[in-house]
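Listed here are the chains, written in short residue letters.
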Amino acid sequence: MSKTAVAPNNSTLFGHPTGLYILFLTEMWERFSYYGMRALLVLYITSSTLGDDPRGAGLGWTSQEALALYGWYTMLVYLMSIPGGMIADKIIGQKKAVLVGAIVLCVGHGVLVLTQTWAFYTGLGLVVLGVGLLKPNISTMVGGLYGQGDIRRDKGFSIFYIGINTGSLLATMVIGFVVAQWGWHAGFGLAGIAMVLGLIVYLWGQKYLVHVGNFVKQDVNDKEQSSYGQLFGDLMKSTNQLMITGLFLVLSLFGWYSLGWGYGLLFLFLTVIIGLMMMIYKELSTQQDKDRFLVLLLSFIMVIIFWGAYEQAGGLMNLYTDTKTDRILLCFEIPTVMFQSLNAGFIILFATVVAGYWATRKLKSKEASSIFKMAIGIIIMGFGFLFMVFAAMQFEKSGTSSMIWLVLAYLFHTIGELCISPVALSFITKLAPVKYASLMMGVYFAATGLGNKVAGIIGESASSLGEYTVFLGILIFTLLIGGVFLLLLKPLQRLTHGAEDNEK
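Note that the structure is predicted; figures quoted are calculated from it, not measured.

Some points on the overall build of the chain
Moving on, step 1. Each helix and strand in the chain was counted, giving 17 helices and eight strands.
Moving on, step 2. Taking 23 Å as the expected radius of gyration for a compact globule of 504 residues, we find that the chain reaches 22 Å, a close match to that expectation.
Moving on, step 3. Considering only C-alpha atoms, the chain reaches an extent of 65 × 50 × 45 Å along its principal axes.
Moving on, step 4. When burial is assessed residue by residue, the chain has 56% of its 504 residues classed as buried.
Moving on, step 5. For the chain, long-range pairs separated by at least 24 residues make up 81% of all intrachain contacts whose partners lie at least 6 apart in sequence.
Moving on, step 6. Accessible area of the chain: about 20300 Å², with a carbon and sulfur share of 69%.

Some remarks on empty space enclosed by the protein
Moving on, step 1. Inspection of the entire model under this criterion finds two cavities of 30 Å³ or more.
Moving on, step 2. Lining the largest cavity are 16 residues; nearest its centre among them are Tyr 78, Lys 135, Tyr 161, Trp 307 and Ser 421.
Moving on, step 3. Among the elements of the structure, α1 (18–46), α5 (152–182), α14 (403–431) and α15 (437–465) are those that each provide at least two residues to the lining of the largest cavity.
Moving on, step 4. Take the lining of the largest cavity: its biggest share by element is four residues, from α15.
Moving on, step 5. Across the lining of the largest cavity, the residue classes tally to eight nonpolar, four polar and four charged.
Moving on, step 6. Reported here for the second largest cavity is a volume of approximately 100 Å³.
Moving on, step 7. For the second largest cavity, the full set of lining residues is Tyr 35, Arg 38, Asn 165, Ser 168, Thr 172, Tyr 310, Ala 313, Gln 340, Asn 343, Tyr 410 and Glu 417.
Moving on, step 8. Those elements that provide at least two residues to the lining of the second largest cavity are α1, α5 and α14.

Concerning the packing of helix α10 (residues 287–310) against helix α13 (residues 370–398)
Moving on, step 1. Taken N-terminus to C-terminus, the directions of α10 and α13 make an angle of 15°; their axes are 10 Å apart at the nearest point. Viewed along their axes, α10 and α13 adopt a mutual orientation that is roughly parallel. Between α10 and α13 lies a crossing whose hand is left-handed. When α10 is examined against α13, the residues Val 295, Ser 299, Met 302, Val 303, Phe 306, Ala 309 and Tyr 310 are found in contact with a partner set consisting of Ile 371, Met 374, Ala 375, Gly 377, Ile 378, Met 381 and Phe 385.
Moving on, step 2. Looking at the contact of α10 with α13 residue by residue, the class counts come to 12 nonpolar, two polar and no charged.

So, the layout of surface pockets
Moving on, step 1. Of the volumes computed, that of the second largest pocket is approximately 670 Å³.
Moving on, step 2. Along its surface, the second largest pocket is lined by 28 residues, and Leu 270, Ile 273, Ile 274, Ile 304 and Leu 450 are the ones closest to its centre.
Moving on, step 3. Those elements that provide at least two residues to the lining of the second largest pocket are α8 (239–259), α9 (261–283), α10 and α15.
Moving on, step 4. With 10 residues, α9 is the largest single contributor of residues to the lining of the second largest pocket.
Moving on, step 5. Residues of the lining of the second largest pocket, tallied by class, amount to 25 nonpolar, two polar and one charged.

Brief notes about the packing of aromatic side chains
Moving on, step 1. This structure, assessed with the given rule, holds 23 aromatic pairs.
Moving on, step 2. With centroids separated by 5.3 Å and ring planes inclined at 75°, the aromatic side chains of Tyr 34 and Tyr 35 adopt a geometry described as edge-to-face. Assigned by exposure class, Tyr 34 and Tyr 35 land together as buried.
Moving on, step 3. Here Trp 72 and Tyr 263 contribute two aromatic rings whose centre-to-centre distance is 4.9 Å and whose plane-to-plane angle is 65°, an arrangement assigned as edge-to-face. Of this pair, Trp 72 sits in helix α2 (residues 63–79) while Tyr 263 is found in helix α9, placing the two residues 191 residues apart along the sequence.
Moving on, step 4. In this arrangement the basic side chain of Lys 290 is found over the ring face of Tyr 281, its NZ or CZ atom lying 4.7 Å from the centre.

Structural notes on a nonpolar patch on the surface
Moving on, step 1. Together, Ile 193, Val 196, Leu 197 and Ile 200 give the surface a local cluster of nonpolar side chains, amounting to about 330 Å² of exposed area.
Moving on, step 2. Tracing the chain through its elements places Leu 197 in helix α6 (residues 184–204).

Details of the confidence of the model for the chain
Moving on, step 1. Of the residues in the chain, 92% have a pLDDT of 70 or more, and the chain-wide mean is 83.
Moving on, step 2. Across residues 1–9 the pLDDT falls below 50, and counting only partners more than four positions away or on other chains, this stretch makes 40 contacts in the model.

With respect to the pattern of salt bridges
Moving on, step 1. Inspection of the entire model under this criterion finds five salt bridges.
Moving on, step 2. A salt bridge links Arg 31 to Glu 30, with the nearest nitrogen and oxygen atoms 2.7 Å apart. Like Arg 31, the residue Glu 30 is buried in the burial classification.
Moving on, step 3. The partner of Lys 324 in a salt bridge is Glu 467, with the nearest N and O atoms 2.9 Å apart. Taken together, the residues Lys 324 in helix α11 (residues 316–324) and Glu 467 in helix α16 (residues 467–487) connect sequence positions 143 residues apart.

Let's talk about the environment of Leu 492
Moving on, step 1. Within the secondary structure, Leu 492 sits in helix α17 (residues 489–495).
Moving on, step 2. The exposure class of Leu 492 is buried, given its relative accessible area of 6%.
Moving on, step 3. A C-alpha to C-alpha distance of 9.9 Å links Leu 492 and Phe 372, two positions 120 residues apart in sequence.
Moving on, step 4. In contact with Leu 492, other than residues within four places in its own chain, are Val 295, Leu 298, Ile 371 and Phe 485.

Things to note about α9
For the α-helix, the turn length of 3.6 residues means that residues three or four positions removed from each other point alike.
Moving on, step 1. With 23 residues, α9 should cover 33 Å at 1.5 Å per step; its first-to-last C-alpha distance of 33 Å lies within 8% of that length.
Moving on, step 2. Among all positions in α9, only Tyr 263, Gly 264, Leu 266, Thr 271, Ile 273, Gly 275, Leu 276, Met 277, Met 278, Met 279 and Ile 280 are buried.

Conventions we followed
- Residues numbered from 1 in each chain as written.
- Predicted model: local features only at pLDDT ≥ 70, side-chain atom pairs only at ≥ 80, totals over all residues.
- Heavy atoms only, no water.
- Helix = DSSP H or I, 4+ residues; strand = E, 2+ residues; numbered from the N terminus.
- Rg over C-alpha atoms; globule rule 2.2 N^0.38 Å.
- Buried < 20%, exposed > 50% of the residue type's maximum accessible area, 1.4 Å probe, protein only.
- Contact = heavy atoms within 4.5 Å.
- Areas by Shrake-Rupley, 256 points an atom, 1.4 Å probe, with all protein chains shown as cover.
- 1 Å grid on protein atoms, 1.4 Å probe; cavity = no way out; pocket = protein on both sides within 12 Å on 5 of 7 lines; lining within 4 Å.
- Points joined across faces, edges and corners; volume = space filled by probe spheres on them.
- Nonpolar A, V, L, I, M, F, W, Y, C, P; charged D, E, K, R; others polar.
- Axes fitted to C-alpha atoms, helices over the stretch in contact; angles between N-to-C directions.
- Parallel < 35°, antiparallel > 145°, perpendicular 65-115°, else oblique.
- Left-handed = near helix turned anticlockwise from the far one by under 90°.
- Phe/Tyr/Trp six-rings, centres within 6.5 Å; stacked < 30°, edge-to-face > 60°.
- Lys NZ or Arg CZ within 6 Å of the ring centre and 35° of its normal.
- Patch = residues over 30% accessible without salt bridge, like charges linked within 9 Å, V, L, I, M, F, W, Y side chains within 5 Å.
- Salt bridge = Lys/Arg side-chain N within 4 Å of Asp/Glu carboxyl O.
- pLDDT = per-residue confidence, 0-100.
- Expected span 1.5 Å × (residues − 1).

What follows is the structure, given as structure tokens:
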């Protein structure tokens, strides 16, 4: 498997391992390429094929069709993190997985520059594969830079998260102007250039990552090594787990028949993962490990719900901004894409503030557990949709809505994101069984991907239900879910067996 060494390099910068900043810059440019592409995707797909849009000809799809593809694409980008984590664990290690993923991403974004339809689908496919290799493994490497119980870990992930959003900010600030000047495919090309820069940084910084994410050949006699084949073999001998897996298999086949082959394959994939999770739980030798693993899986429910609501930013809210928002500021029309830079800009402004706030609460022995932060994050993010409800009400009354509602919505979404996303990444490195670290990071990103698919489905429903109903429904549901997890906080904390108690 791939092991991540503790404190691998004595070199530090601003109080953190120097390797953190190499991973920071690599992820920054990778996220520039991803979020640049994400910001353009729905707008490009719905643009007219006639070329009457000054940005060039698009695919001419309906909003509902575009949001459906957006949901599938953003889901698959993260769902591929599971095989990406397995490949790192069993074949090449985290460090090489990140390298291969970066190279595939460079090729994928390069193909998207071409204007043919086949290039569009091929490029999207390569981006999906590249992110699947890079995303879970670079995050696991960040966790490996810190020793057990090191309070800097959460701040380190917050700094890393700033890198993610610096890339997003740069992409959404710049790429809209590039597309306005030179067209859609110039924007795709710029995303590819950014990924090449990320690859160069990663290669240059290998001296700071010498002992992080290296592949260690598995010893078949070492019980601490993971074996997925053995887990599935044991599944065939475990009556209860096999019956549950069989039930999900039947439901998957029914989904294939009633919803189409795409959903059928998705449900089959999820059935395999559910079987794998059950066998990992059964394999764990102590009740403490079993309890912690269970809490980790329950936390993924919050992850799915959070991203199902949050990812309206790239879909429904993106289209709403383009067609129903007054974007004129001082006689200048702000490009639609630039509104997505609000989230990244707010994260850069508030990431260290929010992380510092939680660290201070922890040092004062006040409630600051990861489950608590994540539940509060869902509630705060949910309140952001209150402003989108106000925007929809204003549009129904006057035929347009003020951009201030979008600004306030993105602000609340950002504060909520800072309470859940970097915290969840850190939480995984604390609770996941060591030999399944990369796999569980992959499962986290797969949960994120499922949230993205949920976001697409919700966005599609706006065609029949209307934006007001959708935004109000998201508001109510997220507040309820956050409240439920707050009520369950004490029992869930007991199941972690003090995993976060010794941080200092």
